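# Chain and residue survey
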Amino acid sequence: MDVHSHRHGSVGHLSLARPRALNALNLAMIEALTRALLEWRDQPAVAAVLLDHAEGRGFCAGGDVAAVRRSVLEDGGSAGRAFFMAEYRLNQLLFAFPKPVVAFMDGITMGGGVGLALPARYRVATEHTLFAMPEAAIGLFPDVGAGWYLARLPGRLGPYLALTGARLDGGECLWAGLATHYLPSEALAEAKALIADDPAAIRAILDRFSIAAPAPKLAADLGSIDRLFAADRLEDIMAALAKDSSEWAAEALATLRAKSPLTLKVALRQIAQARHVASFAEEMRIEYRLASRMIAEPDFAEGVRAVLVDKDNAPRWNPAAPEGISEAKLDELFAPLPIDEEWTPL
Ligand code: QUE
């Protein structure tokens, strides 16, 4: 099994164990995590949950988007939509979990991994942490509740991370509030053992093992990010970047030009809207509408092909430019689903 589930006294311990795929989540893993969490949620003897990975460079690199792509090509996407329904239910279960969860982001934490880590009350970064929402490279959008979190970051950091897929290290995660603690990875085993012995002391234990994080290089870019990513219209952001003479702006513009224009427009509207969404569950319902429809757009199959299947990193986006995407097209993607197809929590 690709998830290890154990009890250590009054602490539940879930370890992702699919190292060859950097612990990217498949449906069986999502179901195993959900089953264990539902059981522990309702057992008075369980006081807290630890969520980590067993071995390798990845905490969790995302979801099994190659399987979703096959579903789109072979069964019209129904298995793909079932995957997102289950994944987003797990995200919501974690968000509303009534006991403390500690997520150890001790490696690649992207896409689906972000959806597991960010709902946790305690989020531990290390020197191995590499955090990103890279979906614009595969024609998806920052899902798994990322709209909720990105919309609540300082300034225009959220739109910047969603559009560029920029990677943050552990120090940058701590600085942005994406992580609550920064520990050296060599201290994790002892910290976990102490938490298992005394889950009431989680905060004190994590505080005690915390070390000074490396200075966040991203902090120096925040002025440029706030100024050049200020607009809620993609064309305006790209025009601002094109007009700016800095190398930073030229690099950001080149990055945006490589991504799916449809994804970029969807992500920008999603994050603008997420600031006003009343609850995480409502955000998940919106993201499920988007996911259901975005996987059927040509950019998703093409993006996964280019990045994960053929690995040529040369996607041919359709439409190829933002000007080809109307507000009416976005309205269609964001519209409610038929009532019996909408996302619902567990
Ligand atoms: C953008 C993404 C994903 C990605 C790469 C991107 C993503 C995802 C994976 C991934 C990585 C390793 C695996 C795997 C999937 O890569 O969502 O199965 O073994 O899951 O540029 O959004």
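Just so you know, these numbers come straight off a predicted model, no measurement behind them.

Here the focus is the pattern of salt bridges. If you walk through the whole model with that rule in mind, you get 17 salt bridges. The shortest N-O distance in the salt bridge between glutamate 235 and arginine 233 comes to 3.8 Å. For arginine 233, a relative accessible area of 42% puts it in the partly exposed group. By sharing partners, the salt bridges in this structure join Arg233, Glu235, Asp236 and Lys265 into a single network.

So, on to the sheet that holds strand S6 (residues 108–110). Adjacent strands of a sheet pair through backbone hydrogen bonds, lying either parallel or antiparallel. Spatially, S4-S6-S8-S9 is the arrangement adopted by the four strands of the open sheet, whose pairing is mixed. A strand with exactly one partner marks an edge of an open sheet, and here the two such strands are strand S4 (58–60) and strand S9 (168–169). In terms of strand pairing, strand S8 (residues 130–132) meets S9 through two bridges, oriented antiparallel. If you follow leucine 130 over to S9, its bridge partner there is aspartate 169.

A few words on the nonpolar core. By size, the foremost hydrophobic cluster in this structure holds 98 residues, and its most contacted members are Leu116, Phe229 and Leu241. Ranked by residue count, the leading element in this core is helix H3 (residues 78–95), at eight residues. In this structure, Ala191, Ile202, Ile205 and Phe209 belong to the second largest nonpolar core, which totals 17 residues.

Near the ligand you find Ala21, Ala24, Ala61, Gly62, Gly63, Val65, Pro134, Glu135, Ala137, Ile138, Val307 and Leu308, and these make up its full shell. In the environment of the ligand, an oxygen atom lies 3.1 Å from a nitrogen or oxygen atom belonging to the backbone of alanine 21. Within the contact set of the ligand, an oxygen atom lies 2.6 Å away from a backbone nitrogen or oxygen of glycine 63. Class assignment of the residues belonging to the shell around the ligand gives a composition of nine nonpolar, two polar and one charged.

What follows covers the sheet that holds strand S7 (residues 122–125). The six strands are arranged S1-S2-S3-S5-S7-S10 in an open sheet whose pairing can be described as mixed. Strands at the two margins of the open sheet, each flanked by one partner only, are strand S1 (3–8) and strand S10 (181–182). Docked against the sheet, helix H8 (residues 188–197) engages S1, strand S2 (11–16), strand S3 (48–53), strand S5 (101–105) and S7, running at close to 160 degrees with respect to S3.

So, about the packing of aromatic side chains. Under the criterion given, the structure shown has ten aromatic pairs. Aromatic side chains tyrosine 88 and tyrosine 288 sit 6.4 Å apart centroid to centroid with 90 degrees between the ring planes, which places their arrangement in the edge-to-face category. With tyrosine 88 in helix H3 and tyrosine 288 in helix H14 (residues 280–294), this residue pair connects regions lying 200 residues apart in the sequence. For tyrosine 88, a relative accessible area of 0% corresponds to the buried category. A centroid spacing of 6.3 Å and a plane angle of 75 degrees characterise the contact between phenylalanine 229 and tryptophan 248, whose relative ring orientation is edge-to-face. Of this pair, phenylalanine 229 sits in the loop between helix H10 (222–228) and helix H11 (234–243) while tryptophan 248 sits in helix H12 (residues 247–258), placing them 19 residues apart in sequence. Each of the two residues, phenylalanine 229 as well as tryptophan 248, counts as buried.

Now for the packing of helix H2 (residues 65–75) against helix H15 (residues 298–309). It is the contact of H2 with H15, at a shortest axis distance of 10 Å, that shows an interaxial angle of 140 degrees. Here H2 is positioned oblique relative to H15, judged by the angle of their axes. Considering the relative orientation of H2 and H15, their crossing is left-handed. Contact residues: Val65, Ala66, Val68, Arg69, Val72 and Leu73 in H2; Phe300, Ala301, Val304, Arg305, Leu308 and Val309 in H15. Of the residues contributing to the contact of H2 with H15, the split by class is ten nonpolar, no polar and two charged.

Conventions we followed
- Residues numbered from 1 in each chain as written.
- Predicted model: local features only at pLDDT ≥ 70, side-chain atom pairs only at ≥ 80, totals over all residues.
- Heavy atoms only, no water.
- Salt bridge = Lys/Arg side-chain N within 4 Å of Asp/Glu carboxyl O.
- Buried < 20%, exposed > 50% of the residue type's maximum accessible area, 1.4 Å probe, protein only.
- Pairing = 2+ DSSP bridges.
- Helix = DSSP H or I, 4+ residues; strand = E, 2+ residues; numbered from the N terminus.
- Core = buried A, V, L, I, M, F, W, Y, C linked by side-chain atoms within 4.5 Å.
- Near = heavy atom within 4 Å.
- Polar contact = N/O pair within 3.5 Å; in protein donor to acceptor, adjacent residues only side chain to side chain.
- Nonpolar A, V, L, I, M, F, W, Y, C, P; charged D, E, K, R; others polar.
- Contact = heavy atoms within 4.5 Å.
- Axes fitted to C-alpha atoms, helices over the stretch in contact; angles between N-to-C directions.
- Phe/Tyr/Trp six-rings, centres within 6.5 Å; stacked < 30°, edge-to-face > 60°.
- Parallel < 35°, antiparallel > 145°, perpendicular 65-115°, else oblique.
- Left-handed = near helix turned anticlockwise from the far one by under 90°.

Note that every value here comes from positions in space, so none of it alone points to a role or purpose.
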